[in-house]
Amino acid sequence: MSDVNYHLQRSSQFYELDRFENCYQEATEVLKYDAENEEAFFLIILALLHQKKYDKAEQIGNTAIGTNPGSDRLFYAMGILNNRKDNFGKAKNYLEAAIRIAPTKSKYFVQLAKSHLYFNQVKQAQALLHHSLKLDPNSESALQLKSLLEQQTGDSQEAQFLADKALKLSPENAHTHLIKATLNWKNKNFEAAESHLETAVQLQPQNQDILALWLESRTRNLSKWKIPINLLAGNSQGLIRTSLTSGVLTFLINVLLSNQVDFGPVIWIGIILVLTPSIIFWFIRPFLKFSFLNKKFSWAIFEVANQSLPIEFLACLNIISSLIYWISGNGLFFGISFLSTLIGTGLAASKNTDSYFPIFKNPNRTSGVYFIITVLSALVLFFLNKWGK
């Protein structure tokens, strides 16, 4: 058993050091001596989760639970895995099984609360987090998630208290600074938000989601662009306000033009001036965020800087198609403008559980998919209208 303990200890140490491949290798060595070792399986699943090898983690997890059907830790690990894979119903089943075996583990209730949140079951999630904090009043993950929920439900004072307590308990936790940043963002304190996000990036430089949010915050604090950007965006974390603003402006003009209302040069100048903040926000700002990385252009780096790219892309499509419609009068571009606003606003409503800001895992690919959906839908509507006439 000395070999088992040696490799388990090394595996655990590698996990604490974020060396997940080494953690996996050492835990795999344990199974050569003890094929049913629960702790080794647990470390293997966690290591694979961090490497985003979800299918392999699930395969090993099923084997592990088969040999250790009474292990709450393995059910918990499988719950985390299925939350990551967006299999939230399956995650709930695993986490509830873990809680039945070990009903006093605070962190199990936090993870189950996340599963409920994906189904927009806020009250159930709040009850689970309340119970989690009864079991462990200093649970960092429960405090963080409850603070985010209080932000969402409008109790800023409670959200502030929970965020401050979490930060006091774990000042070197990147996620805790992320929570504080979102709270400051909501209260329109963008400089404080940027400061906390910068700290979070320093603590966890490999986290691309936090990096993207930091870049987002930085662009809202640029002195030259601050007024027009915040005039349009305000404290909007989900970009709904910005998407709707540009959509309403262009759509009203499109409707008036479709009814053959003539605009004089003065009105057109006024329209351009009104749309200027939208053009700065949707066209210039994505490249400002990219430039902060100080690297040569590549789509991969651009994607890191702009993980809300699908919304930005659809907003650009709205403005461009509106301009083409104003010049050409082609109704197809009217449809593209309308649909891009509609879809973009819907996407802006989708929020990351940890930040309440839209973060997409594959922004370039997602943008391409929604571009195709928007254009094809507009084509169908255009030709149906032509055919109806």
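Further up the page is the structure itself.
Residues numbered from 1 in each chain as written. Predicted model: local features only at pLDDT ≥ 70, side-chain atom pairs only at ≥ 80, totals over all residues. Heavy atoms only, no water.

## With respect to the pattern of salt bridges
Then step 1. In total, this model carries 13 salt bridges according to the counting rule given.
Then step 2. We note a salt bridge from Arg73 to Glu38, for which the minimum N-O separation is 3.5 Å. On the criterion of sequence distance, the pair formed by Arg73 in helix H5 (residues 72–84) and Glu38 in helix H3 (residues 38–50) is long-range, its members being 35 residues apart.
Then step 3. Since its relative accessible area comes to 26%, Arg73 is described here as partly exposed.
Then step 4. Between Lys289 and Glu312 there is a salt bridge whose closest N-O contact spans 3.0 Å. On the criterion of sequence distance, the pair formed by Lys289 in helix H16 (residues 265–291) and Glu312 in helix H18 (residues 309–328) is long-range, its members being 23 residues apart. Of the two residues examined, Lys289 and Glu312, each falls in the buried class.
Then step 5. Through salt bridges with shared partners, a single network forms among Glu216, Arg220, Arg285, Lys289 and Glu312. (Salt bridge = Lys/Arg side-chain N within 4 Å of Asp/Glu carboxyl O. Helix = DSSP H or I, 4+ residues; strand = E, 2+ residues; numbered from the N terminus. Buried < 20%, exposed > 50% of the residue type's maximum accessible area, 1.4 Å probe, protein only.)

## Here we look at a nonpolar patch on the surface
Then step 1. Among the surface-exposed residues, Phe313, Phe371, Ile372 and Leu376 lie close enough to one another that they form a single nonpolar patch of about 350 Å² accessible area.
Then step 2. The element that contributes the greatest number of residues to the nonpolar patch is helix H20 (residues 363–388), accounting for three residues.
Then step 3. With respect to the helices, strands and loops of the structure, Phe313 is situated in helix H18.
Then step 4. Residue Phe313 is classed as partly exposed on the basis of its relative accessible area of 32%. (Patch = residues over 30% accessible without salt bridge, like charges linked within 9 Å, V, L, I, M, F, W, Y side chains within 5 Å. Areas by Shrake-Rupley, 256 points an atom, 1.4 Å probe, with all protein chains shown as cover.)

## A short note on helix H15 (residues 240–258)
Then step 1. For H15, with 19 residues, the first-to-last C-alpha span of 26 Å sits near the 27 Å given by 1.5 Å per residue.
Then step 2. The inward-facing, buried residues of H15 contact helix H14 (226–233), H16, H18 and helix H19 (331–348).
Then step 3. Looking at the residues trailing H15, positive phi occurs at Gln260, about 60°. (Expected span 1.5 Å × (residues − 1). Contact = heavy atoms within 4.5 Å.)

## Let's talk about the nonpolar core
Then step 1. In terms of nonpolar packing, the biggest core is built from 59 residues, with Leu49, Leu74, Tyr76, Leu129 and Leu149 touching the most fellow members.
Then step 2. Considering every element that reaches this core, the biggest residue donor is H3, with 10 residues.
Then step 3. With residues up to four places along the chain from it excluded, the contact list for Leu49 reads Tyr54, Ala77, Ile80, Leu81 and Arg84. (Core = buried A, V, L, I, M, F, W, Y, C linked by side-chain atoms within 4.5 Å.)

## Here we look at the packing of H18 against H19
Then step 1. One way to put it is that H18 packs onto H19 with a least axis distance of 8 Å and a crossing angle of 160°. Between H18 and H19, the crossing angle belongs to the class labelled roughly antiparallel. In this structure, the crossing between H18 and H19 has a hand that is left-handed. Mapping the contact onto sequence places Pro310, Ile311, Leu314, Leu317, Asn318, Ser321, Ser322, Ile324, Tyr325 and Ser328 in H18 and Gly331, Phe333, Phe334, Ile336, Ser337, Ser340, Thr341, Ile343, Gly344, Leu347 and Ala348 in H19.
Then step 2. Residue classes in the contact of H18 with H19 are distributed as 12 nonpolar, nine polar and no charged. (Axes fitted to C-alpha atoms, helices over the stretch in contact; angles between N-to-C directions. Parallel < 35°, antiparallel > 145°, perpendicular 65-115°, else oblique. Left-handed = near helix turned anticlockwise from the far one by under 90°. Nonpolar A, V, L, I, M, F, W, Y, C, P; charged D, E, K, R; others polar.)

## Notes on the side chain of Ser367
Then step 1. Summarising the element assignment, Ser367 is placed in helix H20.
Then step 2. The class for Ser367 is buried, based on a relative accessible area of 4%.
Then step 3. Excluding residues within four positions of it along the chain, Ser367 makes contact with Leu309, Pro310 and Phe313.

## Thoughts on the environment of Ile271
Then step 1. With respect to the helices, strands and loops of the structure, Ile271 is situated in helix H16.
Then step 2. In this structure Ile271 comes out as buried when scored by relative accessible area, which is 10%.
Then step 3. Remark: the alpha-carbon pair of Ile271 and Tyr118, spanning 153 residues in sequence, is separated by 40 Å.
Then step 4. Ignoring sequence-local partners within four residues, the contact set of Ile271 consists of Ile253, Phe263 and Trp326.

None of the figures reported here should be taken as evidence of function without further support.
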